[in-house]
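# Topology and contacts: notes
Below are the chains, spelled out letter by letter.
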Amino acid sequence: MKTSGLLIACSFLISGCAGKPQFPEKEKDPNFWNSWAQDTLKKALSQDLNRNKAKNLILFLGDGMGIPTVTAARILKGQLSGHSGEETQLEMDKFPFVSLAKTYNTNAQVPDSAGTATAYLCGVKANEGTVGVSAAAVRYQCNTTKGNEVTSILRWAKDAKKSVGIVTTTRVNHATPSAAYAHCVNREWYSDSDMPAEALQFGCKDIARQLFENIPNIDVVMGGGRKFMYPKNMSDVEYPEVPKHNGIRNDGRNLVEEWKNKMKNKRAHYVWNKKQLLSLNTKNVDYLLGLFEPADMTYDLDRNIETDPSLTEMVEVAIKILKKNPNGFYLLVEGGRIDHGHHEGKAKQALYEAVEMDRAIGRAGLLTTTEDTLSVVTADHSHVFSFGGYTHRGSSIFGLAPKLSDIDQKPFTSILYGNGPGYKIVNGARENVSTTKYEDNNYQAQAAVPLSLETHGGEDVAVFAKGPLAHLLHGVQEQNYIPHVMAYAACIGQNKEHCDLKAGTVGLQPIFSSIATILTVTRLLC
């Protein structure tokens with residue numbers, strides 16, 4: 001084993017160091033770079049600010065998609081297409097405006113997904129572990145819920161008679177989607193069986209129940225989470241022989257059947273597999289509930305392409321349904337399992353999830369127009385994920401660094417984690433990764449500190465924006481700024497005075513108001 005491992009390491013190092021790194025011949029010419037930069041400059045100079053009113057709003061949330069993840073996903077996307085990867089453009093890279101968001105929770109320097117979701121959906125920073133409530137609410141304390149509820153942009157859009165939707169690769173009652181409709185002091189109260197008796201006695205509701213009761217008739221909901229909707233021990237439709245996938249509700253309610261009964265006269269459909277989803281004629285569907293797994297959906301790398309829809313497929317169906325509303329729509333799309341891959345130290349799973357979300361962003365772009373659709377791509381937080389080691393141009397993003405460690409004389413992968421389950425000691429020393437299958441889907445990259453689950457990172461995250469008033473997402477801002485900009489662009493929520501509905505633009509009302517005042521005074525004086 002030692003010999004074979006040494007041979008693998010040596011062959012990698014020889015191939016990596018044989019001559020200079022390979023890159024396109026044209027890149028040796030300064031004119032290539034100068035011309036590229038000049039063309040980019042001309043495009044920037046010719047770009048007009050889009051001051052239209054946003055009819056539609058789409059928020060793409062890559063859970064755990066910090067900037068290192070974005071960069072690594074870009075390289076992976078390029079390499080999957082046969083390129084070196086570094087020069088590739090993600091769909092989000094094409095958005096003209098990019099800013100940074102500060103992700104801390106009110107009580108946490110390094111945040112969790114619940115408090116951050118409350119920020120970028122409800123416009124209010126909150127405590128970690130809580131959704132849809134202000135920082136006055138205390139995690140686990142049910143009696144601090146009432147009076148501290150905050151509403152989300154999805155609610156503001158629904159109140160403005162827009163269609164609204166949620167699409168996620170996690171369970172639909174996970175932290176990110178739940179902040180769009182729920183008010184809960186514990187993100188883990190997925191069903192009533194997850195709640196303490198005192199919370200139930202005090203009147204707090206589980207998150208699955210709130211999905212159906214808080215905001216009437218959310219138009220589209222897709223993701224996982226079937227078992228939280230069904231009575232305890234009720235067999236799952238897809239895995240009837242697997243007890244862990246059975247329903248878990250203690251109150252005996254079947255929330256899916258209740259929804260179907262309530263919506264039976266509203267052109268509503270419930271689906272639980274890809275065939276059912278893609279067979280829908282969206283022209284005849286106004287409401288859709290799709291629950292494709294008992295809990296979270298499977299990783300895209302592990303997805304059964306015959307039975308499980310991709311994020312891109314779900315997004316396409318959602319937009320086709322929602323865009324029929326002449327008042328427009330709001331859609332929350334979460335690539336939720338980027339986060340899970342990182343927590344498990346499985347960088348390959350995380351990065352493939354990010355690439356799939358980028359595909360969904362591209363598909364949404366084909367189904368909408370920047371003339372009337374404000375699209376925003378961001379993350380709730382980062383992870384302690386990194387890649388480095390002076391790798392050569394075009395090196396596999398999952399491969400080894402070109403040199404051995406000068407301390408223990410062992411190879412190491414470019415991708416590493418600051419902490420997590422990838423920490424491994426073999427015979428009192430760091431594991432020799434050349435003896436492992438480090439490019440496998442579920443390989444756990446080496447970590448500096450042993451933890452059962454890797455942690456979030458605390459740095460700022462990127463915010464990409466295109467469409468009406470996208471330029472307002474600029475500079476370095478608090479994360480809760482995001483929904484305020486989106487609402488302003490669409491003339492929903494708390495500030496609507498600036499809207500000039502006739503012209504189809506926003507931000508011009510104060511000027512017109514001043515002109516109107518002058519004309520009125522003139523008439524009075526005459």
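Residues numbered from 1 in each chain as written. Predicted model: local features only at pLDDT ≥ 70, side-chain atom pairs only at ≥ 80, totals over all residues. Heavy atoms only, no water.

Moving on to the packing of helix H3 (residues 67-80) against helix H13 (residues 347-367). Where H3 meets H13, the closest approach of the two axes is 9 Å, and the angle between their N-to-C directions is 80°. With respect to each other, H3 and H13 are oriented roughly perpendicular. Where H3 approaches H13, its residues Thr69, Ala72, Ala73, Leu76, Lys77 and Leu80 are matched on the opposing element by Leu351, Tyr352, Ala354, Val355 and Asp358. Of the residues in the contact of H3 with H13, the class split is 8 nonpolar, 1 polar and 2 charged. (Axes fitted to C-alpha atoms, helices over the stretch in contact; angles between N-to-C directions. Helix = DSSP H or I, 4+ residues; strand = E, 2+ residues; numbered from the N terminus. Parallel < 35°, antiparallel > 145°, perpendicular 65-115°, else oblique. Contact = heavy atoms within 4.5 Å. Nonpolar A, V, L, I, M, F, W, Y, C, P; charged D, E, K, R; others polar.)

Leu255, Val256 and Trp259 are the residues of helix H9 (residues 255-262) that are buried. For H9, the arc enclosing every buried residue in end-on projection is 105°, short of the 170-degree limit, so these residues lie on one face. Where H9 is buried, its residues meet helix H8 (207-213), strand S5 (268-271) and strand S6 (287-291). (Buried < 20%, exposed > 50% of the residue type's maximum accessible area, 1.4 Å probe, protein only. Arc of directions from axis to C-beta.)

Moving on to the pairing of strand S4 (residues 220-224). On any regular strand, side chains alternate: one points to one face of the sheet, the next to the other face. Most of S4 sits out of view: 5 of its 5 residues are buried. As paired strands, S4 and S6 are joined by 4 bridges and run parallel to one another. Within S6, the residue paired with Val221 across the bridge is Leu289. (Pairing = 2+ DSSP bridges.)

Under the defined criterion, the tally for this structure stands at 4 aromatic pairs. With a centroid separation of 5.4 Å and 50° between ring planes, the pair formed by Tyr190 and Phe228 is classed as tilted. Residue Tyr190 is located in the loop between helix H6 (175-178) and helix H7 (197-202), and its partner Phe228 is located in the loop between S4 and H9; the two are separated by 38 residues in the primary sequence. Taking the relative accessible area as the measure of exposure, Tyr190 reaches 12% and is therefore buried. Centre to centre, the rings of Tyr352 and Phe398 are 6.5 Å apart; their planes meet at 15°, and the pair counts as stacked. In this pair, Tyr352 sits in helix H13 while Phe398 sits in the loop between strand S10 (385-387) and strand S11 (415-417), placing the two residues 46 residues apart along the sequence. This pair shows no difference in class: Tyr352 is buried, exactly as Phe398 is. Over the face of the ring belonging to Tyr104 we find Lys125, whose NZ or CZ atom lies 3.5 Å from the ring centre. (Phe/Tyr/Trp six-rings, centres within 6.5 Å; stacked < 30°, edge-to-face > 60°. Lys NZ or Arg CZ within 6 Å of the ring centre and 35° of its normal.)

The next point concerns the confidence of the model for the protein. The share of residues in the protein with pLDDT of 70 or more is 91%, and the mean pLDDT across the chain is 93. Across residues 1-20, confidence stays below pLDDT 50; counting only partners more than four residues off in sequence or on other chains, it has 17 contacts. When the criterion is pLDDT under 50, residues 508-526 qualifies, and its contacts beyond four places in sequence or with other chains add up to 7 contacts. (pLDDT = per-residue confidence, 0-100.)

With that settled, consider the side chain of Asp300. Along the chain, the position of Asp300 falls in the loop between S6 and helix H11 (311-322). Beyond its immediate stretch of four places on either side in the chain, Asp300 contacts Ser310, Glu353, Glu356 and Arg359.

Okay, the nonpolar core next. In globular proteins that are soluble, nonpolar side chains generally tend to be buried together. By size, the foremost hydrophobic cluster in this structure holds 130 residues, and its most contacted members are Leu121, Met222, Leu288 and Tyr330. No other element matches the 11 residues that H13 contributes to this core. With sequence-adjacent residues up to four places away left out, Tyr330 is seen in contact with Leu57, Leu59, Leu121, Ile153, Leu154, Ala157, Ser163, Val164, Gly165, Leu322 and Met486. (Core = buried A, V, L, I, M, F, W, Y, C linked by side-chain atoms within 4.5 Å.)

Turning our eyes to something else, we now look at the pairing of strand S1 (residues 56-62). Most of S1 is tucked away: 7 of the 7 residues are buried. Along S1, one buried face is formed by Asn56, Ile58, Phe60 and Gly62 and the opposite face, lined by Leu57, Leu59 and Leu61, is buried too. Note that S1 and strand S8 (residues 373-379) share 7 bridges and pair parallel. Looking across to S8, one finds that Ile58 is bridged to Ser375.

Okay, the sheet that holds strand S15 (residues 461-466) next. Pairing in this open sheet of 10 strands is mixed, and the strands run S5-S6-S4-S3-S7-S1-S8-S15-S2-S16 from one edge to the other. Taken across any chain shown, the strands that pair with only one partner, and hence form the sheet edges, are S5 and strand S16 (476-478). The average undirected angle you get between the axes of adjacent strands in this sheet is 15°. Pairing of S8 with S15, which is carried by 4 bridges, proceeds in the antiparallel orientation. Each bridged residue has a counterpart across the sheet, and for Thr378 the counterpart in S15 is Val463.

Quick look at the pattern of salt bridges now. Within the structure shown, the criterion is met by 33 salt bridges. Two residues, Asp286 and Lys324, come together in a salt bridge whose shortest N-O distance is 3.3 Å. Of the two residues, Asp286 is situated in the loop between helix H10 (274-278) and S6 and Lys324 in the loop between H11 and strand S7 (329-335); the sequence distance between them amounts to 38 residues. Glu316 is paired through a salt bridge with Lys320; the nearest N and O atoms lie 2.9 Å apart. A residue pair is termed a helical-turn pair when its members lie 3 or 4 positions apart in one helix, as Glu316 and Lys320 do in helix H11 at 4 residues. Using a relative accessible area of 19% as the deciding quantity, one classes Glu316 as buried. Linked through salt bridges whose partners overlap, the residues forming this network are Lys205, Arg209, Glu213, Arg253 and Glu258. (Salt bridge = Lys/Arg side-chain N within 4 Å of Asp/Glu carboxyl O.)

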